[in-house]
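Geometric and topological summary
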Amino acid sequence: MKILAITNQKGGVGKTTTCVNLAASLAANYKKVLLIDLDPQGNATTGSGVDKANLKFSIYHVLICKKSLEEVIVTCEKGGYHIAPSNRELAGAEVELVNELARETRLKQALANLEQVYDYILLDCPPALNLVTVNALTAANTVMIPMQCEYYALEGLSDLVNTIKKVRANLNATLEIEGLLRTMFDNRNMLAQQVSAQLVSHFGDKVYKSVIPRNIRLAEAPSYGLPVLIYDKTSRGAQAYLELAKEIILKNQKVKE
Ligand code: ATP
Ligand code: MG
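Residues numbered from 1 in each chain as written. Chains lettered and ligands numbered in written order. Predicted model: local features only at pLDDT ≥ 70, side-chain atom pairs only at ≥ 80, totals over all residues. Heavy atoms only, no water.

Thoughts on the nonpolar core
Of all hydrophobic cores here, the largest spans 48 residues; its most connected members are Ile-36, Leu-38, Ile-59, Leu-69, Leu-107, Leu-111 and Leu-123. Sequence-distant contacts of Leu-123, that is, excluding residues within four places in its chain, are made with Ile-3, Leu-4, Ala-5, Ile-6, Cys-19, Ile-36, Leu-38, Leu-107, Ala-136 and Ala-140. In this structure, Cys-19, Ala-23, Ala-221 and Leu-229 belong to the second largest nonpolar core, which totals 34 residues. (Core = buried A, V, L, I, M, F, W, Y, C linked by side-chain atoms within 4.5 Å. Buried < 20%, exposed > 50% of the residue type's maximum accessible area, 1.4 Å probe, protein only. Contact = heavy atoms within 4.5 Å.)

Quick look at unusual backbone geometry
At Ala-102, a position not held by glycine, the phi torsion is positive, near 50°. By the element assignment, Ala-102 lies in the loop between α5 (93-98) and α6 (106-111). Even without being a glycine, Met-184 presents a positive backbone phi close to 45°. Among the structural elements, Met-184 can be located in the loop between β7 (176-183) and α9 (190-203). (Helix = DSSP H or I, 4+ residues; strand = E, 2+ residues; numbered from the N terminus.)

Let's talk about the site of ligand 1
Around ligand 1, the surrounding shell holds 18 residues, and the nearest of these are Lys-15, Thr-16, Thr-17, Pro-213 and Asn-215. A distance of 3.0 Å separates an oxygen atom of ligand 1 from a polar atom in the backbone of Val-13. Between ligand 1 and the protein, one listed contact pairs a nitrogen atom with a backbone N or O atom of Pro-213 at 2.9 Å. Contributions of two or more residues to the shell around ligand 1 are made by α1 (15-28) and α10 (216-220). Looking at the shell around ligand 1 element by element, the count peaks at three residues for α1. Within the shell around ligand 1, the residues separate by chemical class into seven nonpolar, seven polar and four charged. (Near = heavy atom within 4 Å. Polar contact = N/O pair within 3.5 Å; in protein donor to acceptor, adjacent residues only side chain to side chain. Nonpolar A, V, L, I, M, F, W, Y, C, P; charged D, E, K, R; others polar.)

Note that every value here comes from positions in space, so none of it alone points to a role or purpose.
Written as structure tokens, this is what we have:
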């Protein structure tokens, strides 16, 4: 099993789009996948076709009330994966966690007995380096960083890398950066090409070969509560996420050998 935190404190870079569509693409490759929505915006929940307004339990209850994940998980039938949903309630978790014991390891504890059940667990982080994100980084094996290739992209990256270093030093010694994912990529944009080249020269192998293009189908699919693979399998967006899933599966096979 592999636990992947999909994170970037910058908003709107494609974290949630990547979570939902990677989950569906891994599932299409016969992997057992759990997606955990850690954002009070609940976009991964809605994008998976789950009504966030009518949740009996959510990830909030796991982090704060110590409910088991099994009680919270629902099935995303069309996408072929499971999801631990989230909604606005989680916004309060930040404040409530502060005074709790072992506040950074709540998620890690909740995941402890799911090792046998899933091949991949994807954690959709909120756009902040807050306690919920620290919970994700503490529970994860690796980090995936989606980013848009624009001028300010690299600036925020150093804050994130520093947070990862701190978590590694104090909470999760084996945490690794699995890869940087170029999202909403527009090949005709010169600046995007330059930033992309910079990324590759700086991070080398850590940059995924798969690139996610800007594709309108990816933006439309969530309003139908569907992963793009179901909404429009032939779209460039769907094909790109299938490529990414294959790259990740291959990478993890190699690590095991
Ligand atoms: P937040 O930080 O708010 O959680 P995020 O990093 O999760 O945002 P998304 O919600 O995935 O980002 O994407 C932001 C917006 O961009 C959404 O409207 C989404 O539909 C759109 N989008 C994401 N990826 C693509 C893409 N490759 N092509 C076109 N639109 C995209
Ligand atoms: Mg998001």
